[in-house]
Amino acid sequence: MARGGQSLARVAVAVRAGAAPLWWSGIVGAAVGTVPPGLTGRRIGLLAGAALFLVAAAGVFLARRGRYAELAAGAVRAARQDILQDRAVTARAWRRARRWWLLLAFPVAVGTSFAVPAAVGLLVAGLGAGLWLKAVWIGRRESADDRLLWVCADRLAQRGGPAGRHVTAYKATGIAAGDAAPGGARRR
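Okay, so let's go over this structure. (Residues numbered from 1 in each chain as written. Predicted model: local features only at pLDDT ≥ 70, side-chain atom pairs only at ≥ 80, totals over all residues. Heavy atoms only, no water.)

Moving on: the nonpolar core. If you look at the biggest cluster of nonpolar residues, it comprises 30 residues, and the most contacted ones within it are V11, Y68, I138 and Y170. Mapped by element, the contributors of at least two residues to this core are α1 (11-16), α2 (19-33), α4 (65-73), α5 (87-97), α6 (99-111), α7 (119-145), β4 (148-152) and α8 (153-156). The biggest single contributor to this core is α7, with five residues. Discounting residues that sit within four places of it in the chain, I138 has contacts with V11, A12, V15 and Y68. The next biggest cluster of nonpolar side chains, apart from the first, holds five residues, and it includes A78, L148, W150 and A177. (Core = buried A, V, L, I, M, F, W, Y, C linked by side-chain atoms within 4.5 Å. Buried < 20%, exposed > 50% of the residue type's maximum accessible area, 1.4 Å probe, protein only. Helix = DSSP H or I, 4+ residues; strand = E, 2+ residues; numbered from the N terminus. Contact = heavy atoms within 4.5 Å.)

What follows is the structure, given as structure tokens:
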């Protein structure tokens, strides 16, 4: 029986990959969205947007935390044959699989500003902020456990991301493995 390795992607990098595109699409969309007064007026649009920002950030941050913790607790040590994917490759693959959603975020944020100025733009920015906060939470967990969490790269392209139903287990390595720090940020 031949042994083969798997290509592994960092869990925190996969979570963090959508944060920047959503954040900047939302912020720029909200800024452009404040130009037209809209049907509700700028003040109501900005207040609604602020509420949507907080709800979206909290919702994304809290979603599936139990599933992430369960998979992290059962993580097994990565095999010597496993290949660790670079941070840039993981982020590019995640964004490529969801490119149409990421590209639609900005036009939708600007288009809806004619009804409710800046609200949807701040909602999209809240989604990005929630993803970033979740990546930071995963990074703190990695630092506390002194191990990095990895998922099979083939499973990331499937629906549900790194904590979806199709992911059965995480693998773990030492804290110095890979090119990303705990939480998915670039290593300095």
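Now that the structure is up, let's keep going.
Turning next to the pattern of salt bridges. Evaluation of the coordinates by the stated rule reveals three salt bridges. As a salt-bridge pair, R10 and E142 come within 2.8 Å of each other at their nearest N and O atoms. Of this pair, R10 sits in strand β1 (residues 7-10) while E142 sits in helix α7, and the two are 132 residues apart along the sequence. Side by side, R10 and E142 carry an identical accessibility label, which is buried. We note a salt bridge from R67 to E70, for which the minimum N-O separation is 3.6 Å. In this pair, R67 and E70 both sit in helix α4, three residues apart, roughly one turn of the helix. In this structure R67 comes out as partly exposed when scored by relative accessible area, which is 22%. (Salt bridge = Lys/Arg side-chain N within 4 Å of Asp/Glu carboxyl O.)

Since there are 3.6 residues in each turn of an α-helix, residues three or four apart along the chain are aligned in direction. Taking 1.5 Å per residue as the helical rise, α6 with its 13 residues ought to reach 18 Å, and the 19 Å between its terminal C-alpha atoms agrees with that figure. Largest kink in α6: about 30 degrees, centred on A105, with the proline P107 one to four residues after it. Regarding α6, the residues found buried are L102, A105, A109 and V110. The elements touched by buried residues of α6 are α2, α5 and α7. (Expected span 1.5 Å × (residues − 1). Bend = angle between axes of the 7 residues up to and from the residue.)

This brings us to unusual backbone geometry. A negative phi holds for most residues other than glycine; trans holds for most peptide bonds. Despite not being glycine, A118 shows a phi value in the positive range, around 70 degrees. Turning to its location among the elements, A118 is positioned in the loop between α6 and α7.

Looking now at the packing of helix α3 (residues 42-62) against α7. Remark: α3 packs on α7, axes separated minimally by 7 Å, with the N-to-C direction vectors making an angle of 25 degrees. By the angle class used here, α3 and α7 are roughly parallel. Here the hand of the crossing between α3 and α7 comes out right-handed. Across the interface between the two elements, G45, L46, A48, G49, A50, L52, F53, A56, A57, V60 and F61 from α3 touch A119, L122, L123, A125, G126, L127, A129, G130, L131, L133, K134 and W137 from α7. (Axes fitted to C-alpha atoms, helices over the stretch in contact; angles between N-to-C directions. Parallel < 35°, antiparallel > 145°, perpendicular 65-115°, else oblique. Left-handed = near helix turned anticlockwise from the far one by under 90°.)

What follows covers the packing of aromatic side chains. Inspection of every chain in the model, using the stated rule, returns one aromatic pair. Ring centres 6.2 Å apart and planes at 65 degrees place the aromatic pair W23 and F53 in the edge-to-face group. In this pair, W23 sits in helix α2 while F53 sits in helix α3, placing the two residues 30 residues apart along the sequence. Judged by its relative accessible area of 22%, F53 falls in the partly exposed class. Over the aromatic face of W150 sits the side chain of R10, whose NZ or CZ is 5.7 Å from the ring centroid. (Phe/Tyr/Trp six-rings, centres within 6.5 Å; stacked < 30°, edge-to-face > 60°. Lys NZ or Arg CZ within 6 Å of the ring centre and 35° of its normal.)

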